[in-house]
Amino acid sequence: MGVIAIAVVANQLGGVTAVGTVMIARVLPGFIVGPLAGVFADRWDRKRLMVSADIARGLIIFSIPFVPTLLYLLIASVVLESLTLIWGPAKDASLPHFVGARRLAHANSLSLIAIYGAWPLASIAYSALSTFGSFIGGAVPVLEGLRSEPEAMALWVDSFSFLFSAAMIFSLSIRTSTTKTARLDLSQIRRDLLEGLTFVRDHRQVRPWMLGIAMTFTAAGAVFSLGVEFVQAVLNGGPRGFSFLIGFLATGMIIGLLSVGLLARLMQRDVLFSSSILLLGAGLIGLAGMSGLGAAIPIASALGFFGGVGYSTGYTLMQERTPDEFRGRTFSAAYTIIRIGILLGLGVFPLIAGLLGDHALDLPWGALDLPRTRTTLWAAGLVAIGGGIMSMRAIGERPPVLRRRGPGLFVVFEGGEGAGKTTQMEAFVDWLRARGDEVVTTREPGGTRIGRRIRDILLDPESAEMVPRGEALLYAADRAQHAEEFIKPALDEGRVVVSDRYLDSSLAYQGVGRDLGVQEILDISEWATQGLYPDIVFFLNVSPSTARVRHEREPDRIERERDEFHERIADGYMELSRQFPERIVVIDASRSPQEVHEEIRQAFEDRADQALAAPVDITSGRPKRRPPR
Ligand code: TYD
């Protein structure tokens, strides 16, 4: 509504050129403030950042009707857009603090629907409010000014929506692992910015995704610059055909956004992401090949569908795979890249169309029309397909880290509190021994003499003031000792080592539960164990509420955490099992102990041969080490 009202005000103040200038004023900050916004979002308290940005936006919008000059409108637009750019990454980076991994995809879809779905409502609300404004202006003498400027009404209501948002966000508790010094000097900004860029450039998953996003939005730019002409000249869709087609595209997109949660359960998210970009490119090529509006409609809807799926999945991937402290900068980099892509597409493709010109090919089976918009949109489709292929490179980057050492086999049992881990482990070990395997059992924390002392510190309810990073390092220290002193020698002797918890506990409890970032914890653990990964991990999955019923003894420090913490752990394990399917087997542990045991045996037999046959493979999908701060 604000965007419409500002365009109307600009038009009143200076006609079409003024509208154009104001629009440029909205785009420009994206290149300057955009990258900095991420630095702020990663360094400052995100909640305060969002609340302040909302209040400032509300006040500025409220003030616009009082200062009716073009200069003020331009300044206001630049500032408004800059504030929006700060607000966005802070919001996107905070989302994973509210929603568990399992619902993240859904939350992103809702967020995108809230943004784009509101557009059609905006024009209705705008005209209703400006009509109401001129009515009030006529009826209430103090508000007489509204008669000549009824759009002020829309601006004022809009400004209250920002204050409402500020109040809502203020009422939330948003954890930030990022509150560093409040004061920022220039060299620090520079360092943070460079660090963020290095992260995006070197991350083996984020980089291909960014390229994919850039190429997709470049193709989208082509659709907007050539779409109108294509629909009129090639599809014979008439003057309103384009908006008609966009309507179907938008509907497809909303359906896509709503289906993401379901699709994400069927396949891995990064596969979903790159294949939707790929299909989007293919769809664009198909669309450009059509010669009538009727045939184009289903393809446009499919395009929208893939766009929606890709958009939401991209958000979720970046939230999941980037540690909290880099998330703001990653998102602002994505925003900047999206802007550059669109502008590039808007500018370059019409030029290409001009160069290509209209042609027709005489083929044996008939004439093939090659109007310039068709060939250029084909090119744009190829660019999007290229983007899909680019982002596919991230898929190979999940770490299939199976570093085999001696002849033994390393099996780990994982799970939240009260999943029946101990019972199942005992039954499994008995079964292995009965088969004639040489088995040793151990646990974490506390698998060694030193480890037991570390364990005491960790689980003592008296250690209440322990900071998350300290906790993570103590678990890693225990693991280092455990791997070197106990696990490796046993494996070298050819034994089957069965451990109650190992590295994935740290990923779930410290990485997800304490929000330290899965990648960070993986790095620490990998360093601590010199890359000793388990061959098979059985994750015993029960809902935290079932687990609580099963729980009997006095809770230790970790067990005393709130329910929400344990739910995040459960979500964390599920996500880990998706991310590392080659290591983690999810076992439904809500059934009877006997059934669970059978399933574990079955899964072990299926996997053990594979694990033993697996080659020495130490490729890992993590970013290069970051430069020290
Ligand atoms: P323990 O009594 O062994 O737990 P359980 O009976 O649930 O297996 O205590 C281990 C606790 O430490 C448990 O709450 C999980 C937690 N933990 C971590 O937070 N990170 C880790 O890396 C490990 C190994 C355990």
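Each remark here, short or long, concerns the structure printed above.
Residues numbered from 1 in each chain as written. Predicted model: local features only at pLDDT ≥ 70, side-chain atom pairs only at ≥ 80, totals over all residues. Heavy atoms only, no water.

1. As for a negative patch on the surface
Quick note on the threshold: Residues with no salt bridge and a relative accessible area higher than 30% make up the patches, which join like charges within 9 Å and nonpolar side chains (Val, Leu, Ile, Met, Phe, Trp, Tyr) within 5 Å. Only the protein chains shown count as cover for residues, and all accessible areas are computed by the Shrake-Rupley method using a 1.4 Å probe. Definition used for salt bridges: Asp or Glu carboxyl oxygen within 4 Å of a side-chain nitrogen of Lys or Arg. Lys and Arg are tallied as positive, Asp and Glu as negative. Neither His nor the chain termini are counted. Each charge is placed at NZ for Lys, CZ for Arg, CG for Asp and CD for Glu. Under the scheme used here, helices are H or I runs from DSSP no shorter than 4 residues and strands are E runs no shorter than 2 residues, and both carry numbers assigned from the N terminus. Only protein chains enter the accessibility calculation, which uses a 1.4 Å probe; a residue is then buried when its area is under 20% of its type maximum, exposed when over 50%, and partly exposed in between.
Taken together, the side chains of Asp-456, Asp-460, Glu-462 and Glu-465 make up a negatively charged region of the molecular surface. In this structure, Glu-462 sits in the loop between α16 (449-459) and α17 (468-492). Under the relative-accessibility criterion, Glu-462 is labelled exposed at 68%.

2. Observations regarding a nonpolar patch on the surface
On the surface, Val-27, Phe-31, Ile-32, Phe-224, Ile-340, Ile-342, Leu-343 and Leu-346 cluster together into a nonpolar patch covering about 660 Å² of accessible area. Mapped onto the nonpolar patch, the elements with two or more residues apiece are α2 (29-43) and α13 (324-356). Take the nonpolar patch: its biggest share by element is 4 residues, from α13. For Phe-224, the position within the fold is in helix α9 (residues 206-234).

3. A closer look at the sheet that holds strand β4 (residues 439-443)
Operational definition: A pair of strands is treated as paired once DSSP finds two or more bridges between them. Between N-to-C directions, angles span 0 to 180 degrees; the directions come from axes that are lines fitted to C-alpha atoms, helices contributing only their stretch in contact. Contacts are residue-level and defined by heavy atoms, with any inter-residue pair within 4.5 Å sufficient.
The 5 strands lie next to each other as β4-β5-β3-β6-β7, forming an open sheet whose pairing is parallel. Looking along the sheet, the strands with just one partner apiece sit at the ends: β4 and β7 (584-588). Along the sheet, successive strands turn relative to each other by an average axial angle of 20°, direction set aside. Taken together, the 5 bridges between strand β3 (residues 409-415) and strand β6 (residues 536-541) define a ladder with parallel strand orientation. Residue Val-411 lies in a different strand from β6, and its bridge partner there is Ile-536. Lying on the sheet, helix α15 (residues 421-435) is in contact with β3, β4, β5 (496-500) and β6; it crosses β5 at an angle near 170°.

4. Topic: the site of the ligand
How we decide: We call a residue near a molecule or strand whenever a single non-hydrogen atom of that residue lies within 4 Å of it. Between N or O atoms, a polar contact is any pair within 3.5 Å; within protein, one atom must be a potential hydrogen donor and the other a potential acceptor, and residues adjacent in sequence are included only when both atoms are from side chains. When residues are sorted by character, Ala, Val, Leu, Ile, Met, Phe, Trp, Tyr, Cys and Pro go into the nonpolar class, Asp, Glu, Lys and Arg into the charged class, and all the rest, Gly among them, into the polar class.
The ligand sits among 17 residues. The nearest are Lys-421, Tyr-475, Arg-501, Ser-506 and Gln-510. A distance of 2.9 Å separates an oxygen atom of the ligand from a polar atom in the side chain of Arg-479. Residue Gln-510 places a side-chain N or O atom 2.8 Å away from a nitrogen atom belonging to the ligand. Here the ligand loses 94% of its free accessible area of 540 Å² to cover by the protein chains. Taken together, the elements giving at least two residues each to the shell around the ligand come down to α16, α17 and α18 (503-513). Residue contributions to the shell around the ligand peak at 4 residues, all from α18. Within the shell around the ligand, the residues separate by chemical class into 5 nonpolar, 3 polar and 9 charged.

5. Comments concerning the nonpolar core
For clarity, the cut-off: To define a nonpolar core, start from buried Ala, Val, Leu, Ile, Met, Phe, Trp, Tyr and Cys residues and group those joined through side-chain atoms within 4.5 Å.
If you look at the biggest cluster of nonpolar residues, it comprises 39 residues, and the most contacted ones within it are Ile-6, Leu-73 and Leu-155. Listing elements by their share of this core, those giving two or more residues are α1 (2-27), α2, α3 (46-63), α4 (70-98), α6 (118-139) and α7 (151-170). Those residues in contact with Leu-73 that lie beyond four places of it in its chain are Ile-6, Val-9, Ala-10, Leu-13, Val-22 and Ile-64. By size, the runner-up hydrophobic cluster in this structure holds 35 residues, among which are Ala-483, Val-497, Tyr-502 and Val-537.

6. Things to note about the packing of helix α11 (residues 269-289) against helix α12 (residues 293-321)
To keep it simple, the criterion reads: Any angle that falls under 35 degrees is termed roughly parallel, while one over 145 is termed roughly antiparallel, one within 65 to 115 roughly perpendicular, and all others oblique. For any pair of crossing helices, the crossing counts as left-handed if the nearer helix is rotated counterclockwise from the farther one by less than a right angle, and right-handed if it is rotated clockwise.
α12 packs onto α11 with a crossing angle of 155° between their chain directions and a minimal axis gap of 8 Å. Considering their axes alone, α11 and α12 lie roughly antiparallel with respect to each other. Seen along the crossing, α11 lies across α12 with a hand that is left-handed. Looking at the contact of α11 with α12 residue by residue, the class counts come to 13 nonpolar, 8 polar and 4 charged.

7. Quick word on α6
To be explicit about the condition: Expected span of a helix: the number of residues minus one, times 1.5 Å. To obtain the arc, one takes the directions from the helix axis to the C-beta atoms.
Taking 1.5 Å per residue, 22 residues should reach 32 Å; α6 reaches 30 Å between its end C-alpha atoms and fits that length. Residues Ala-122, Tyr-126, Leu-129, Ser-130, Gly-133, Ile-136 and Gly-137 constitute the buried set of α6. Buried residues of α6, seen end-on, are gathered within an arc of 125° and therefore sit on one face of the element. Opposite the packed face of α6, turned more than 90 degrees from it, sit the exposed residues Pro-120, Leu-121, Ile-124, Thr-131, Phe-135 and Ala-139.

8. Thoughts on empty space enclosed by the protein
Take a probe with the size of a water molecule and roll it over the atoms, and the empty space left behind shows itself. Defined as follows: Cavity: a set of points on a 1 Å grid over the protein atoms alone where a 1.4 Å probe fits but cannot get out. Pocket: an open set with protein on both sides within 12 Å along at least five of seven lines, its lining residues, like those of a cavity, having an atom within 4 Å of a point. Grid points are joined across faces, edges and corners, and a volume is the space filled by probe spheres set on the points.
In the structure shown here, the tally under the stated rule is 7 cavities of 30 Å³ or more. Estimated volume of the largest cavity: approximately 370 Å³. Those elements that provide at least two residues to the lining of the largest cavity are α5 (101-116), α12, α13, α18, α19 (518-529) and α21 (563-579). At 6 residues, the largest contribution of residues to the lining of the largest cavity is made by α21. Grouping the amino acids of the lining of the largest cavity by side-chain chemistry returns 8 nonpolar, 8 polar and 8 charged. Considering only enclosed or pocket space, the second largest cavity measures out at about 110 Å³ in volume. Lining of the second largest cavity is provided by Val-223, Gly-227, Phe-230, Val-231, Phe-242, Leu-245, Ile-246, Leu-249, Leu-284, Leu-287, Ala-300 and Leu-377. Where the lining of the second largest cavity is concerned, the elements lending two or more residues are α9, α10 (241-266) and α11. When its residues are assigned to classes, the lining of the second largest cavity shows 11 nonpolar, 1 polar and no charged.

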